Amino acid sequence: MIDTCARFCAFYGTARAGRLAYAAGYTGLGVGASRFGANVMLDLLGGQPTERTALSMVRTRPVPFPPEPVRSAVIQLTRSSLARADRSEGRRDLWLRTLDRLGLGFDS
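Quick caveat, the model's predicted, so the values are computed rather than measured.

Draft legend 1. Expanded view of the nonpolar core. Of all hydrophobic cores here, the largest spans six residues; its members are Ala10, Tyr12, Tyr26, Ala33, Val40 and Val58. If you look at the next biggest cluster of nonpolar residues, it comprises five residues, including Ala6, Ala85, Leu96 and Leu104.

Put into structure tokens, the structure is as follows:
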């Protein structure tokens, strides 16, 4: 199964009064990331703070994707900016640098 989020890495949480833990946002990160995610979920279910649950990527949620039609416009702008960066030896334009600063870019 493939999932994604604005951060382009997994995020974690609990539901059902802490009785259910979840990990979402995986984009082909592999076995190591899956094992890490399982350990994070076990820590969350345990209810005690750990090094893993203290990580920002565990404590915070990604910014939600915008609704349509804004989503399509943002995707097209990002695709054209990435293509322009490819043609210009990796130099990122204002849009890609802004995404990076917000923690939403591919280079974040």
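Draft legend 2. Summary view of the environment of Phe36. Residue position: Phe36 is located in helix α1 (residues 31-46). Residue classification places Phe36 among the partly exposed positions, given a relative accessible area of 26%. Residues within four places of Phe36 in sequence aside, it is in contact with Tyr12, Arg52, Leu55 and Met57.

Draft legend 3. Layout of the pairing of strand β1 (residues 11-15). By the bridge criterion, five bridges tie β1 to strand β2 (residues 20-24) in an arrangement that is antiparallel. Bridge pairing links Phe11 to Ala24 in β2. Taken together, β1 and the strand that follows it, β2, pair antiparallel across an intervening segment of four residues, in which Arg16 is found at a positive phi of about 55 degrees.

Calculation criteria
- Here the residue numbering is sequential within each chain, running from 1 through the sequence in written order.
- This being a predicted model, a pLDDT of at least 70 is required before a residue's local features are given, and a value of 80 or more before pairs of side-chain atoms are given or counted; all residues contribute to the totals for chains, interfaces and linings.
- Just so you know, side-chain values use all the structure's heavy atoms and leave hydrogens and water out.
- Here, nonpolar core refers to any group of buried Ala, Val, Leu, Ile, Met, Phe, Trp, Tyr and Cys residues whose side-chain atoms link them within 4.5 Å.
- Type-normalised accessible area, obtained with a 1.4 Å probe on protein chains alone, sets the label of each residue: buried when under 20%, exposed when over 50%, and partly exposed for intermediate values.
- Helix and strand labels come from DSSP, where a helix needs a run of H or I of at least four residues and a strand needs a run of E of at least two; each type is numbered from the N terminus.
- Here, two residues are considered to be in contact whenever any of their heavy atoms come within 4.5 Å of each other.
- Strand pairing is assigned whenever DSSP detects at least two bridges linking the two strands.

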